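Inside the fold
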Amino acid sequence: MKLAVIGGVLSTEVLLKKLFLNNFKDTIVFGYEPKKIKNVSGWTDLKLQSKNFSFKYISFSRINEIEKELITIQPDLIFAVGLSQILPNGIINIPKLGCIGFHPTELPIGRGRAPIAWTILENKKKTAITFFKINEGIDNGEIIFQVFIDLSLEDDADSLTKKVLKAEEKALDEIILMMKRNKLNLKAQDGN
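Parameters at a glance
- Residues numbered from 1 in each chain as written.
- Predicted model: local features only at pLDDT ≥ 70, side-chain atom pairs only at ≥ 80, totals over all residues.
- Heavy atoms only, no water.
- Helix = DSSP H or I, 4+ residues; strand = E, 2+ residues; numbered from the N terminus.
- Rg over C-alpha atoms; globule rule 2.2 N^0.38 Å.
- Areas by Shrake-Rupley, 256 points an atom, 1.4 Å probe, with all protein chains shown as cover.
- Lys, Arg positive; Asp, Glu negative; His and termini not counted.
- Charge placed at Lys NZ, Arg CZ, Asp CG, Glu CD.
- Buried < 20%, exposed > 50% of the residue type's maximum accessible area, 1.4 Å probe, protein only.
- Polar contact = N/O pair within 3.5 Å; in protein donor to acceptor, adjacent residues only side chain to side chain.
- Salt bridge = Lys/Arg side-chain N within 4 Å of Asp/Glu carboxyl O.
- Expected span 1.5 Å × (residues − 1).
- Contact = heavy atoms within 4.5 Å.
- Pairing = 2+ DSSP bridges.
- Axes fitted to C-alpha atoms, helices over the stretch in contact; angles between N-to-C directions.
- Core = buried A, V, L, I, M, F, W, Y, C linked by side-chain atoms within 4.5 Å.
- Left-handed = near helix turned anticlockwise from the far one by under 90°.

What follows is about the overall build of the chain. Of regular secondary structure, the chain possesses six helices and seven strands. Counted from the first residue to the last, the chain has its helices and strands arranged as β-α-β-α-β-α-β-α-β-α-β-β-α. A globule of 192 residues ought to have a C-alpha radius of gyration of about 16 Å, and the chain, at 16 Å, matches this closely. A principal-axis box enclosing the C-alpha atoms of the chain has dimensions of 45 × 35 × 30 Å. Carbon and sulfur atoms make up 50% of the accessible area of the chain, which totals about 10400 Å². Taking the 27 positively charged and 23 negatively charged side chains of the chain as two groups, their mean positions are separated by 3 Å.

In structure tokens form, the structure reads like this:
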């Protein structure tokens, strides 16, 4: 299976490691490299990890820059993990198995930007991470898998981020099993 990964934060690193450990060798990484790195919360440089895993690496700053490359590559599946830019329809429609997105909330709750900050500010007692099928809307595609996270009053953005990354690892184990079976379990989000 040929995969493309688009992202540039810690959650993208977690995904790359899981793909490597599960022998998805035909993986191409599109690493987000912002013009002002200090303005991107949690940004991480994926070049070295891609090299260590023998994944081809291509950098970008605007998502539209990579559409032609993706058309040429024709991946079977695209993961967009750790990306705050909206995938255009031209990219969404490239892979035959679709695009998988990641959001650190219990979708449909918490759609949009700054989900970790909003979760803390709203004093939630629980949240989740969600992998979902990307479509034309914002964080509103069918749910593939969710892992729930208990929160405490002591949680802050750092501790919640650590919980999110652990939950992501757990979810990826299940999603990778689905991928190996060539069948993603899809469930409509409430309110869609």
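Now, onward.
Let us now look at the side chain of Asp76. With respect to the secondary-structure elements, Asp76 resides in the loop between helix H3 (67-73) and strand S4 (77-80). The exposure class assigned to Asp76 is buried, which follows from its relative accessible area of 16%. Within the local environment of Asp76, its side chain forms a polar contact with the backbone nitrogen of Lys2, the two atoms lying 2.7 Å apart.

This part is about the pattern of salt bridges. In total, this model carries six salt bridges according to the counting rule given. As a salt-bridge pair, Lys96 and Asp76 come within 3.4 Å of each other at their nearest N and O atoms. Placement of the pair is Lys96 in the loop between helix H4 (89-92) and strand S5 (99-103) and Asp76 in the loop between H3 and S4, with a sequence separation of 20 residues. Note that Lys124 is salt-bridged to Glu122, the shortest N-O span being 3.4 Å. The exposure class of Lys124 is partly exposed, given its relative accessible area of 30%.

Bringing helix H1 (residues 10-21) into the picture now. Compared with the 16 Å implied by 1.5 Å per residue over twelve residues, the 17 Å span of H1 between its first and last C-alpha is a close match. Restricting attention to buried positions, one finds in H1 the residues Ser11, Thr12, Val14, Leu15, Leu16, Lys18 and Leu19. If you follow the buried residues of H1, they end up packed against strand S1 (3-7), strand S2 (27-32), helix H2 (47-52), S4, S5 and helix H6 (157-180). Positive phi appears at Asn23, one or two residues downstream of H1, with a value of about 65 degrees.

This part takes up the side chain of Gln146. Mapped onto the elements, Gln146 comes out in strand S7 (residues 143-150). Looking at Gln146, its side chain comes within polar contact range of the main-chain oxygen of Leu107, at 3.0 Å. A distance of 2.9 Å separates the side chain of Gln146 from the side chain of Thr130, its partner in a polar contact.

Taking strand neighbours across the sheet as the criterion, the seven strands line up as S3-S2-S1-S4-S5-S6-S7 in an open arrangement whose pairing is mixed. Since the sheet does not close on itself, it has two edges, and those belong to strand S3 (56-60) and S7, each with one partner. Direction aside, neighbouring strands of the sheet carry axes that sit 15 degrees apart on average. Two elements, S4 and S5, share three bridges in a ladder whose sense is parallel. By the bridge assignment, Ala80 is partnered in S5 with Gly101. Docked against the sheet, H1 engages S1, S2, S4 and S5, running at close to 160 degrees with respect to S1.

A few words now on the nonpolar core. Phe79, Ile100, Ile129, Phe131 and Met179 are the most contacted members of the largest nonpolar core, which has 35 residues in total. Contributing elements (two or more residues each) for this core: S1, H1, S4, S5, strand S6 (126-133), S7 and H6. Broken down by element, the residue count for this core peaks at ten residues, all from H6. Those residues in contact with Phe131 that lie beyond four places of it in its chain are Val81, Ile100, Gly101, Phe102, Ile143, Ile144, Phe145, Glu168, Ala171, Leu172 and Ile175. Counting 22 residues, the second largest nonpolar core, distinct from the first, contains Tyr32, Ile78, Ala80 and Leu87.

With that out of the way, let us pick up the pairing of S5. With five of five residues buried, S5 is to be regarded as a mostly interior element. Here S5 pairs with S6 via four bridges, running antiparallel. The residue of S6 that forms the bridge with Ile100 is Lys133.

Attention now goes to the packing of H1 against H6. It is the contact of H1 with H6, at a shortest axis distance of 10 Å, that shows an interaxial angle of 35 degrees. For H1 against H6, the interelement crossing comes out right-handed. Packed against H1, whose contacting residues are Leu10, Ser11, Val14, Leu15 and Lys18, the element H6 presents Leu165, Glu168, Glu169, Leu172, Asp173 and Ile176 at the interface.

What is shown is where atoms sit, not what they do.
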